[in-house]
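Structure at a glance
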Amino acid sequence: MVQPISAGGRVPLTPKRAVSVFGIGVIGFMTANLVPIMIVALTADLGFSVTAAGTLMTASLLACALSCILTSRWAAASGRYLIARAGLVLTAAGFGAAAFLPSEPAVIAGVILGGLGAGGAVSSAGAALGALRNPDRASGISGFTNRAIVSVVLFVIPALGAGMGSAFGLLAGLALAALLVTSWLPDSPTAAPAATLVPATAAPERKPAAATGTPAGTGVGIRNPSRKATLAGLGLLICFALWGLSEDSLWAVAATMGADQAGLDETGMGLVLSLSTLGGLLGSALVGLAGRRLGRTVPLAVVLVAGAAMKFISGTVEDSGLYMAVIILWNTLYLIAFIYIIAIAAALDASGKWSAPALGVYLIGSAFAPFLGTAVSASAGYSALGILLAVMTLILLVPFVIISRYSVRAEKAAALPAETTTTTAVA
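Residues numbered from 1 in each chain as written. Predicted model: local features only at pLDDT ≥ 70, side-chain atom pairs only at ≥ 80, totals over all residues. Heavy atoms only, no water.

What to know about the nonpolar core
General note: in soluble globular proteins, nonpolar side chains tend to be found buried as a group. Applicable threshold: Among the buried residues, those of types Ala, Val, Leu, Ile, Met, Phe, Trp, Tyr and Cys that are joined through side-chain atoms within 4.5 Å form a nonpolar core. Accessible area is worked out with a 1.4 Å probe on protein chains only. A residue is then buried under 20% of its type maximum, exposed over 50%, and partly exposed in between. Segments assigned H or I by DSSP are reported as helices when at least four residues long, segments assigned E as strands when at least two residues long, and all are numbered from the N terminus. A contact between two residues is defined here by any heavy atoms of the two lying within 4.5 Å.
Core analysis: the biggest nonpolar cluster contains 116 residues, and Leu42, Phe168, Phe240, Trp243, Leu300 and Phe400 have the highest contact counts within it. Considering every element that reaches this core, the biggest residue donor is helix 12 (residues 320-348), with 20 residues. Excluding residues that lie within four positions of it along the chain, Trp243 makes contacts with Leu304, Tyr334, Ala337, Phe338, Ile341, Tyr362, Leu396 and Phe400.

Right under this line is the structure:
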């Protein structure tokens with residue numbers, strides 16, 4: 001089959017690639033979305049205390065994060081297919097054991113093993129995301145797919161009964177199904193675009209291909225690893241972890257804050273969850289449809305500033321209806337910002353060097369969010385927590401904007417040769 005490939009190494013999004021990249025990524029990250037239901041299953045079916053169940057799920061998420069980070073470099077190179085398959089097998093085996101072996105040691109081992117496998121699925125899908133053209137659009141579609149599939153799963157599990165078989169067994173089955181599409185993941189480009197580009201027009205003479213490291217006659221000069229690109233990637237990962245800490249700290253206390261401060265009951269919080277999902281779907285769909293047309297840096301800056309404002313307001317509002325509106329809007333802005341940050345990671349390097357570990361570092365930050373949220377709100381009050389989280393977001397806004405602007409320039413530099421598109425035979 002003949003497949004167009006840009007000189008920058010990125011490939012177009014096709015239905016098969018969409019199913020594999022987005023599907024494997026969603027399944028790998030689904031543990032984080034199912035934590036509340038999994039805790040209910042552990043406490044109801046096996047008699048775990050809430051603290052013990054929460055500790056076990058935290059261990060699973062940390063295993064997922066560490067596995068994602070440790071396998072990301074290999075996934076960005078030549079190992080994404082093996083990592084995806086091994087990760088999905090471990091996810092199915094671990095969560096399958098937890099679902100159907102009524103033994104506490106087996107459940108503990110299975111839940112942690114499933115987390116390790118999920119991390120491999122996340123890193124391989126994240127690396128593959130970097131290989132797709134138009135990272136903003138690809139990341140938007142990924143976010144929409146994630147919210148849509150998770151919403152369906154969250155509806156199905158309670159309908160089946162939130163027990164070990166449905167909470168863990170369903171995820172194990174989805175992991176097995178995803179094994180069928182791992183071969184559809186886009187491969188790592190032969191040339192990574194996150195580099196310093198020296199235009200050929202700046203050179204007084206054309207150098208041989210062996211000297212430049214690029215094919216002669218491409219009109220492109222030297223691509224060397226750029227220290228600035230590395231600093232941008234590392235800075236993005238650090239900021240992403242801290243941003244995840246700030247976002248999920250609010251989410252960790254959203255229900256108790258609503259009840260204590262605004263008199264919000266369980267029904268109201270359920271409505272918040274439903275409408276937040278709808279807002280996230282609409283926001284991610286907008287980003288996916290718009291692609292590059294909205295830009296990247298300005299929309300990210302706008303949603304981060306608006307999100308900081310919602311965090312501040314959430315700590316002061318006392319009306320239940322207004323509190324619901326604030327949390328729903330904040331949750332919608334959160335997903336849009338999340339999508340743009342993943343797009344930056346994908347744009348920095350087509351091999352997935354930075355998009356592969358991105359979700360792993362996010363989970364690292366997220367793992368400490370319940371502690372920060374509860375500790376600050378208990379010691380200083382909800383208003384102090386809102387101020388702290390808003391300030392954190394505004395501080396992180398600065399490096400996010402700088403790195404986003406750099407990612408746009410890096411992506412454009414890598415796409416310069418795309419005017420001359422080549423075709424290669426793919427078996």
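A few points about a nonpolar patch on the surface
Selection criterion: A patch is a set of surface residues, each over 30% in relative accessible area and not in a salt bridge, joined within 9 Å for like charges and within 5 Å for the nonpolar side chains Val, Leu, Ile, Met, Phe, Trp and Tyr. Only the protein chains shown count as cover for residues, with accessible areas throughout obtained via the Shrake-Rupley method and a probe of 1.4 Å. A pairing counts as a salt bridge when a side-chain nitrogen of Lys or Arg comes within 4 Å of a carboxyl oxygen of Asp or Glu.
A cluster of nonpolar residues, Leu90, Ile108, Ile112, Leu113 and Leu116, forms a patch on the protein surface that exposes about 330 Å² of accessible area. Sort the elements by how many residues they give to the nonpolar patch and helix 4 (residues 104-129) lands first, with four residues. Along the polypeptide, Leu116 turns up in helix 4. Judged by relative accessible area, Leu116 falls into the partly exposed class, the value being 37%.

Focus on the environment of Trp243
By the element assignment, Trp243 lies in helix 9 (residues 227-262). Between the C-alpha atom of Trp243 and that of Leu389, which follows or precedes it by 146 residues, the distance is 9.1 Å.

Some remarks on the pattern of salt bridges
All chains considered together, the criterion is met by three salt bridges. The closest approach of N and O atoms between Glu411 and Arg296, which form a salt bridge, is 2.7 Å. Here Arg296 lies in the loop between helix 10 (266-290) and helix 11 (297-314) and Glu411 lies in helix 15 (residues 382-414), a separation of 115 residues in the sequence. Assessed through its relative accessible area of 10%, Glu411 is described here as buried. You can call Arg296 buried: its relative accessible area is 4%.

Details of the side chain of Asn134
Along the chain, the position of Asn134 falls in the loop between helix 4 and helix 5 (135-160). Note on Asn134: relative accessible area 14%, which makes it buried. Setting aside anything within four residues of it in sequence, one finds Asn134 in contact with Gly291, Arg292 and Glu411.

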